Amino acid sequence: MALPTHASTLERVWHYTYLVLCGLIFLFLIAPILIVIPLSFNAEPYFTFTEKMLKLDPTGYSTRWYDLLLTFGMLEPDATRDSSWWADAWSNSNWINAAKNSIIVGFFSTLIATSLGTVAALGLSRPEMPGRRAIMAILISPMIVPIIITATGLFFFYSSIRIQDWGIPYLGVILAHATLGIPFVIITVTATLVGFDHSLTRAAANMGAGPARTFFKIQMPLILPGVISGALFAFVTSFDEVVVVLFVGGLDEQTIPRQMWNGIREQISPAILSVATILVIISIALLTVVELLRRRSERLRGMSPG
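Thresholds, definitions, all that
- Residues numbered from 1 in each chain as written.
- Predicted model: local features only at pLDDT ≥ 70, side-chain atom pairs only at ≥ 80, totals over all residues.
- Heavy atoms only, no water.
- 1 Å grid on protein atoms, 1.4 Å probe; cavity = no way out; pocket = protein on both sides within 12 Å on 5 of 7 lines; lining within 4 Å.
- Points joined across faces, edges and corners; volume = space filled by probe spheres on them.
- Helix = DSSP H or I, 4+ residues; strand = E, 2+ residues; numbered from the N terminus.
- Nonpolar A, V, L, I, M, F, W, Y, C, P; charged D, E, K, R; others polar.
- Patch = residues over 30% accessible without salt bridge, like charges linked within 9 Å, V, L, I, M, F, W, Y side chains within 5 Å.
- Areas by Shrake-Rupley, 256 points an atom, 1.4 Å probe, with all protein chains shown as cover.
- Salt bridge = Lys/Arg side-chain N within 4 Å of Asp/Glu carboxyl O.
- Axes fitted to C-alpha atoms, helices over the stretch in contact; angles between N-to-C directions.
- Parallel < 35°, antiparallel > 145°, perpendicular 65-115°, else oblique.
- Left-handed = near helix turned anticlockwise from the far one by under 90°.

Peer 1: Could you give me a rundown of empty space enclosed by the protein, with the residues and numbers involved?
Peer 2: Unfilled space is identified by rolling a water-sized probe across the atoms. Under the defined criterion, the tally for this structure stands at one cavity of 30 Å³ or more. A volume near 50 Å³ is recorded for the largest cavity. In terms of lining, the largest cavity is formed by Phe-235, Val-236, Phe-239, Asp-240, Leu-279, Ile-282, Ser-283 and Leu-286. Contributions of two or more residues to the lining of the largest cavity are made by α11 (211-240) and α14 (271-300). Of the residues that constitute the lining of the largest cavity, the class distribution is six nonpolar, one polar and one charged.

Peer 1: Pulling in residues and values, what's your account of a nonpolar patch on the surface?
Peer 2: There is a patch of nonpolar side chains on the surface, built from Val-145, Ile-147, Ile-148, Ile-149, Phe-155, Phe-156, Leu-246, Phe-247 and Trp-261 and spanning about 760 Å² of accessible area. Going through the elements one at a time, α8 (147-161) and α12 (243-248) are the ones with two or more residues in the nonpolar patch. Of the residues forming the nonpolar patch, the biggest block, five residues, is contributed by α8. Structurally, Ile-148 can be placed in helix α8.

Peer 1: Mind laying out the packing of helix α5 (residues 94-124) against helix α9 (residues 171-193), listing which residues take part and the relevant values?
Peer 2: Orientation of α5 relative to α9, taken along the N-to-C sense of each, is 40 degrees, at an axis distance of 6 Å. One element, α5, and the other, α9, form an angle in the oblique class. Remark: the crossing between α5 and α9 carries right-handed chirality. Broken down by class, the residue content of the contact of α5 with α9 amounts to 18 nonpolar, seven polar and no charged.

So this is what it looks like as structure tokens:
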């Protein structure tokens, strides 16, 4: 924001000092990400910048670690890259299988978290809801409680009900990730419902619309940006989560974070940096979508002229 023309010298000094401090804090937070990205293109199997990389020598950079994400675990990685090679990669590559599992787990956990979180937010947004503050505190507690405690509790709970004998792959992981994602949905949808005109729902009821029709025709279009934002946060939470998977996932239930964990323990490879770079790009893209949805939500509610 530009300074007014009548600002004093002290105000100008503070303004620019504030901008510099914000820039330094931002750089401090973003520096680890900025370092990981170029290291993922290292031609050597090191986690440090080589002399060639520092000199910007093209031979010091390579996409070999990104290629390893496709070939690691394949039956014939050196074969001609035709349709059969890609079929082999799709079926046997460890990283591709982990990515498929992460997407499946993320999709179903997000679906559950979004459905339950939206319903909870609608109920908690009504002023006549008894004990809504206590209920809200309980529902968002997975965001506050250390993840190790949540994972331990889920482990003993799943053991008591023997969920591993139900025969549904990844069920425990999906339900656990949905539990972690529900608070994000509740918070974003509740924020969208701030200032919501409940007279619209009463008017729809007076016109003969049932609760379901009122929700999908009146409420849902207005809160949709918040619902999608919460769903994206829930998906990212599931996609990046590793502690719960280690506690409640089976030995053959591999997701990308768990595959990265196994890679660090068993065979340290810069391929992990390649995966981290891809995850950073995905996260930035999703956060950009969230910001665009937030602005759209403000425009729909008349809070922003833009």
